[in-house]
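Topology and contacts: notes
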Amino acid sequence: VEGDNYLLSSINQNAGGWTGGTYWTFIMDRKGRMVWARPAPSRHWTLFAQVSVTGDHILWDEATYWSDFDSGRGSTVHRTYLDEEIEEIATPGLHHAFIELPDGTLVWGAAQGFFTGDETLKTVAPDGTRSTLWSCEDWLSSIGESGSCGSNTLRWDALTDTFLFSLYTVETVVEIDAKTGNANRWFGHVNGSWGFDPVESAFWWQHGGYYTDARTFLTSSKNVDGGDETVIREYTLDEEREVLVEVWNFGLGEGVYGETMGEAHRLPGGNTLHNYGDEVRL
């Protein structure tokens, strides 16, 4: 929570990765003390709790994709004043990330099946209008690729009005125009991806990639393909060569590994917060 000494996040009360357990949305103070928490019902998943764009309430996700194996048909997002619910919004197909735009529109990665089929970017406006902005399957076909479509994080960049949509199944982050739904460029490991300099700085199993205020690209990543450490990599964008040039990394040689999830956040004071996902470490 910017401007305050609190952290809003979620956690599974069970150890052991992505299966089972009850998810909690929680608020922690600067000393690591829990000051508020609430569980998601029926072992549904909460992964991307966030403060609303208005700053006066929170949003938390209740995803049924992994608990009910229903392709996320019952997934919803809740608006709440902590313990007082404002509204519950249907977000079918939601299984990982969602975001709120400045006008209150919700955007999420929507699965079309359980580990099968397409994944799309869907939106719902405050007045209830719904639309489909982008199709992963169509995009892969357009660049001569095939494979499964599965996302893990979604960010919106205000300066360019684009989404950065992270697809873990093809280890690539796609920049998508928020108005047209066109894929402008992509970073990773499919046809037409930008390169990496040096080559060994490539990200793998990436989570949470976004543009910082300094216009660098920051992401959490495995150290190498099939690696055993979760690290941070930061790059400048060489537009002329279409290359991500690594300027900083953190975690190499530390031996800390989170099998799933993980995000890096550049804080207003210049520090970087690294969430190691199911390693349950900040």
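Cut-offs and rules
- Residues numbered from 1 in each chain as written.
- Predicted model: local features only at pLDDT ≥ 70, side-chain atom pairs only at ≥ 80, totals over all residues.
- Heavy atoms only, no water.
- Pairing = 2+ DSSP bridges.
- Helix = DSSP H or I, 4+ residues; strand = E, 2+ residues; numbered from the N terminus.
- Axes fitted to C-alpha atoms, helices over the stretch in contact; angles between N-to-C directions.
- Patch = residues over 30% accessible without salt bridge, like charges linked within 9 Å, V, L, I, M, F, W, Y side chains within 5 Å.
- Areas by Shrake-Rupley, 256 points an atom, 1.4 Å probe, with all protein chains shown as cover.
- Salt bridge = Lys/Arg side-chain N within 4 Å of Asp/Glu carboxyl O.
- Buried < 20%, exposed > 50% of the residue type's maximum accessible area, 1.4 Å probe, protein only.
- Phe/Tyr/Trp six-rings, centres within 6.5 Å; stacked < 30°, edge-to-face > 60°.
- Lys NZ or Arg CZ within 6 Å of the ring centre and 35° of its normal.

With that out of the way, let us pick up the sheet that holds strand β17 (residues 204-211). Strand order in the open sheet formed by 5 strands is β16-β20-β19-β18-β17, with mixed pairing between adjacent strands. The open sheet terminates on both sides in strands that have one partner only, identified here as β16 (195-197) and β17. The mean angle between the axes of side-by-side strands here comes to 35°, regardless of whether they run parallel or antiparallel. Inspection of the sheet shows strand β19 (residues 230-238) paired to strand β20 (residues 243-250) by 7 bridges, in the antiparallel sense. When the bridges of β20 are listed, R233 appears paired with N249.

Sheet faces and side chains relate simply in a regular strand, where the side chains alternate between the two faces. Note: strand β2 (residues 23-29) against strand β3 (residues 34-39), 5 bridges, orientation antiparallel. Counted as the bridge partner of I27 is W36 from β3. Joining the antiparallel neighbours β2 and β3 is a turn of 4 residues, in which G32 adopts a positive phi near 80°.

On the surface, a cluster of nonpolar side chains totalling about 260 Å² of accessible area is made up of V247, W248 and F250. Among the secondary structure elements, W248 is positioned in strand β20. Under the relative-accessibility criterion, W248 is labelled partly exposed at 33%.

So, about the packing of aromatic side chains. Scanning the model with the defined rule gives 19 aromatic pairs in all. Ring centres of W134 and F165 lie 5.8 Å apart, and the angle between their planes is 85°; this geometry places the pair in the edge-to-face category. Pair noted here: W134 is in strand β11 (residues 130-135) and F165 is in strand β13 (residues 162-167), with a separation of 31 residues, a long-range link. With a relative accessible area of 0%, F165 lands in the buried category. Its guanidinium or amino end placed over the ring of Y210, R155 lies 4.0 Å from that ring's centre, counting from NZ or CZ. Of note, K222 hangs over the ring of W205, and the distance from its end group to the ring centre comes to 5.5 Å.

These values are about where atoms sit, not about what they do.
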